Amino acid sequence: MFDPNDWVLESEHLAPSLKKWQTMVNLMADIYEAPAGFVVQYTSKGYQVVIANESELNPYPAGDGVIPSETNLFCRRVVAENKPLYVKNATQLEEWQTNPEVSEDGFNSYFGMPLHWPDGSAFGTICVMDFDITHYKGPYKELIGQFRDMVEQDLVLVDQYKKVEDLSLRDSLTHSYNRRGFMTLGESLLHFARRYNKHLGLIYCDLDNLKFINDNYGHRVGDQAITEFSNRLKTVLRETDLSARIGGDEFAVLVLVDTEDELATLVERIQSPEASATHGHAAEASIGFRFYSNQQISRLDRMLDEVDKLMYANKHQRKATP
Ligand SMILES: Nc1nc2c(ncn2[C@@H]2O[C@H](COP(=O)(O)OP(=O)(O)OP(=O)(O)O)[C@@H](O)[C@H]2O)c(=O)[nH]1
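We now turn to the structure provided with this report.

Conventions used here
Residues numbered from 1 in each chain as written. Predicted model: local features only at pLDDT ≥ 70, side-chain atom pairs only at ≥ 80, totals over all residues. Heavy atoms only, no water. Helix = DSSP H or I, 4+ residues; strand = E, 2+ residues; numbered from the N terminus. Buried < 20%, exposed > 50% of the residue type's maximum accessible area, 1.4 Å probe, protein only. Contact = heavy atoms within 4.5 Å. Pairing = 2+ DSSP bridges. Axes fitted to C-alpha atoms, helices over the stretch in contact; angles between N-to-C directions. Disulfide = S-S within 2.5 Å. Salt bridge = Lys/Arg side-chain N within 4 Å of Asp/Glu carboxyl O. Patch = residues over 30% accessible without salt bridge, like charges linked within 9 Å, V, L, I, M, F, W, Y side chains within 5 Å. Areas by Shrake-Rupley, 256 points an atom, 1.4 Å probe, with all protein chains shown as cover. Phe/Tyr/Trp six-rings, centres within 6.5 Å; stacked < 30°, edge-to-face > 60°.

This part is about the overall build of the protein chain. Scanning the protein chain from terminus to terminus reveals nine helices and nine strands. Buried residues in the protein chain amount to 47% of all 322 residues. Considering only intrachain contacts with a sequence separation of at least 6, the fraction spanning at least 24 residues in the protein chain is 64%.

Pasting the structure below:
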């Protein structure tokens, strides 16, 4: 599912929908003869304009920053009460005097409706705003509901697409990417590194003694060791780094790094035993890693083979030195 706390503006999944919404919001503002029309998203971080009609009169462009959730916006009222709001003449109403849209930018009229994610939780609003007093009647009041339906139908599609993608690219135990996810997203990262002349680090981890943990403490504890290791990777890595469970007890990590030292420090942090413990057995791993300067980047499957071999060498060495 799409995380309702993520901004849709940052999601590649929504790019086609955003284009469609732009056309729709332009049209909506034209029909209402309003200088400003919006799709606004609400998250726990606040409010953000996702789509603004393309008009010079509109003072709030899309993606222009997050407005704190306590601001006395019209949209805030719509989300809080989960119902449409029509304000014809805000300057006459005491309750809107602290709304910067009214006091600072001179808006007088607001007409908006709540938008929802497919599970019914708040997505944000769709609205039109005018500097003049307005008198929307009959069909005008219904029309915005039609626009709302179009946006909500798109949100259903996006959510379904994301679910299917998650199923095929993610691992159900740890929710990190699986091998297919790693190869798919890894190719994009390789492409990025080649294009922008960046260097990469590739790390291959294989948990130690998982069979022993399974046999002695049960499969559930084994699962826990896998999950803990996956969580450790997530804690240590940046959001832009790629990590995946590419086999039963095997993980791969692909990161953009500037130097070999940077990569070595990262590996040390992954190895840090105090970060995890399962029934007294730290989920330790044998690790192979290699720094790939921009010129050394080849095919991802080849690179993975290389670090897999390094990992095995590390495993043998660890077993040989008790
Ligand atoms: N609990 C649990 N065990 C798994 C899972 N997937 C694979 N395994 C077990 O992980 C073990 C992986 O094999 P090995 O890597 O040879 O076993 P190991 O004990 O980690 O041995 P070394 O890597 O040599 O330390 C096997 O015993 C698998 O049954 C899983 O999803 N959950």
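Back to the text.
Moving on, we get to the sheet that holds strand β2 (residues 46-52). Across the sheet, which stays open at both edges, the five strands sit in the order β2-β1-β5-β4-β3 with antiparallel pairing between neighbours. The open sheet is flanked by β2 and β3 (85-87), the only strands paired with a single partner. Recorded for the sheet is a direction-independent mean angle of 20° between the axes of neighbouring strands. Taken together, the eight bridges between strand β4 (residues 109-116) and strand β5 (residues 122-130) define a ladder with antiparallel strand orientation.

This next bit is on the environment of Phe-111. With respect to the helices and strands, Phe-111 occurs in strand β4. For the pair Phe-111 and Asp-130, spaced 19 residues apart in sequence, the C-alpha to C-alpha distance is 9.0 Å. Residues in contact with Phe-111, not counting those within four places in the same chain, are Tyr-32, Leu-85, Tyr-86, Ile-126, Cys-127, Val-128, Tyr-136, Tyr-140, Lys-141 and Ile-144.

Turning to the state of the cysteines, a few remarks are in order. Taken as a whole and judged by the stated rule, the model has zero disulfides. Left without a disulfide partner, Cys-127 is nearest to the cysteine sulfur of Cys-75, which lies 4.0 Å away. A relative accessible area of 0% means that Cys-127 is categorised as buried.

A word on the pattern of salt bridges. Under the counting rule described, the total for this entry stands at 13 salt bridges. Lys-83 is the salt-bridge partner of Glu-81, the closest N and O atoms lying 3.9 Å from each other. Under the relative-accessibility criterion, Lys-83 is labelled partly exposed at 46%. Where Asp-208 meets Lys-315, a salt bridge forms, and the shortest distance between an N and an O atom there is 2.8 Å. You can see Asp-208 sitting in the loop between β6 (199-207) and α6 (210-217) and its partner Lys-315 sitting in helix α9 (residues 300-320), a full 107 residues away along the chain. Exposure class is identical for Asp-208 and Lys-315. Each is buried. Taken together, the shared-partner salt bridges connect Asp-206, Asp-208, Glu-284, Lys-315 and Arg-318 into one network.

In this section: a nonpolar patch on the surface. On the surface, a cluster of nonpolar side chains totalling about 250 Å² of accessible area is made up of Leu-27, Ile-31 and Tyr-140. Looking at the element boundaries, Leu-27 is found in helix α1 (residues 15-31). The exposure class assigned to Leu-27 is partly exposed, which follows from its relative accessible area of 45%.

Right, let's get into the packing of aromatic side chains. In total, this model carries 17 aromatic pairs according to the counting rule given. Between Trp-21 and Phe-123, the aromatic rings sit 6.3 Å apart at their centres with planes inclined by 80°, giving edge-to-face as the arrangement. Here Phe-123 lies in strand β5 and Trp-21 lies in helix α1, a separation of 102 residues in the sequence. For the residue pair Trp-21 and Phe-123, the accessibility class agrees, reading buried in each case.

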